[in-house]
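Secondary and tertiary structure notes
Each chain is listed here by its residues.
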Amino acid sequence: QLSCLVKMVTLHGIPKDLDSYPKELLLFLSSSDYAATGSCRQYFANIGKANLDVLQRESSQRKQLLLEALACLKIPGTQVNEENAEILGRLVCDLGGEYIRSSGGNLLKQLNQCESFLPDQEEAIRSVINSGNTTFGPLVAWSAFTLNELSGLIPVFDHSILQKIPK
């Protein structure tokens with residue numbers, strides 16, 4: 001339905017008010033199409049707010065979106081800073097474990113929104129949390145507030161993490 005809607009909306013060119021359309025619509029436009037109305041950063045900030053589950057996980061379209069986003073944001077290696085993590089939004093759910101490890105705690109807030117994780121991502125999340133090198137600090141300093149902030153990640157926590165969190 002969305003791909004059909006995109007065809008209707010863009011029949012006479014890209015509308016100037018594209019940002020006012022549902023974010024999921026952008027998933028079916030290319031960043032170069034969007035460039036006529038805004039920057040690629042703006043495009044991917046909007047994509048990051050969309051429900052990416054409209055596209056199948058591991059699909060070539062979703063992988064391509066992530067690659068284009070990383071190129072747009074000029075992320076050279078696997079380290080994503082907090083500002084870029086904010087722009088990527090839900091796209092961080094598709095980043096591999098090496099990105100999660102290299103970025104330290106910068107991705108935790110966005111990863112918290114993901115529906116599920118691949119084993120490689122789960123290991124990386126546990127590694128980052130165990131390191132204590134996050135804005136949330138070491139596990140022994142965590143509170144109910146911290147757990148609430150990271151509630152989407154709790155299913156990834158293993159026994160070694162849970163036993164370090166104060167009761």
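So, on to the overall build of the protein. Secondary structure summary: the protein contains 11 helices and zero strands in total. Counting from the amino terminus, helix and strand elements in the protein follow one another as α-α-α-α-α-α-α-α-α-α-α. For the protein, buried positions account for 42% of its 167 residues. The contacts of the protein with a sequence gap of at least 6 include a subset with a gap of at least 24, amounting to 51%. Within the structure as shown, the protein displays about 8,900 Å² of accessible surface, and the carbon and sulfur contribution to it stands at 53%.

A word on the nonpolar core. Ranked by size, the top nonpolar core spans 40 residues in total, and within it Phe-44, Leu-88, Leu-91, Leu-95, Leu-111 and Ile-125 carry the most contacts. Of all the secondary structure elements, the ones that give two or more residues to this core are α4 (40-49), α5 (60-72), α6 (82-88), α7 (97-102), α8 (108-111) and α9 (119-131). Here this core takes five residues from α5, the largest share from any one element. Once residues lying within four places of it in the same chain are set aside, the contact partners of Leu-88 are Gly-48, Ala-69, Leu-70, Leu-73, Ile-75, Val-80 and Leu-95.

Right, let's get into the packing of aromatic side chains. The tally for this structure, following the rule as stated, stands at three aromatic pairs. Taking the centre distance of 4.7 Å and the plane angle of 75° together, the rings of Tyr-43 and Phe-44 count as edge-to-face. Summarising the burial analysis for this pair, Tyr-43 and Phe-44 share the class buried. Ring centres of Phe-136 and Trp-142 lie 6.4 Å apart, and the angle between their planes is 70°; on these two criteria the pair is classed as edge-to-face. Taken together through their ring pairs, the aromatic side chains of Phe-136, Trp-142 and Phe-157 make up a single cluster.

About the criteria used
- Residues numbered from 1 in each chain as written.
- Predicted model: local features only at pLDDT ≥ 70, side-chain atom pairs only at ≥ 80, totals over all residues.
- Heavy atoms only, no water.
- Helix = DSSP H or I, 4+ residues; strand = E, 2+ residues; numbered from the N terminus.
- Buried < 20%, exposed > 50% of the residue type's maximum accessible area, 1.4 Å probe, protein only.
- Contact = heavy atoms within 4.5 Å.
- Areas by Shrake-Rupley, 256 points an atom, 1.4 Å probe, with all protein chains shown as cover.
- Core = buried A, V, L, I, M, F, W, Y, C linked by side-chain atoms within 4.5 Å.
- Phe/Tyr/Trp six-rings, centres within 6.5 Å; stacked < 30°, edge-to-face > 60°.

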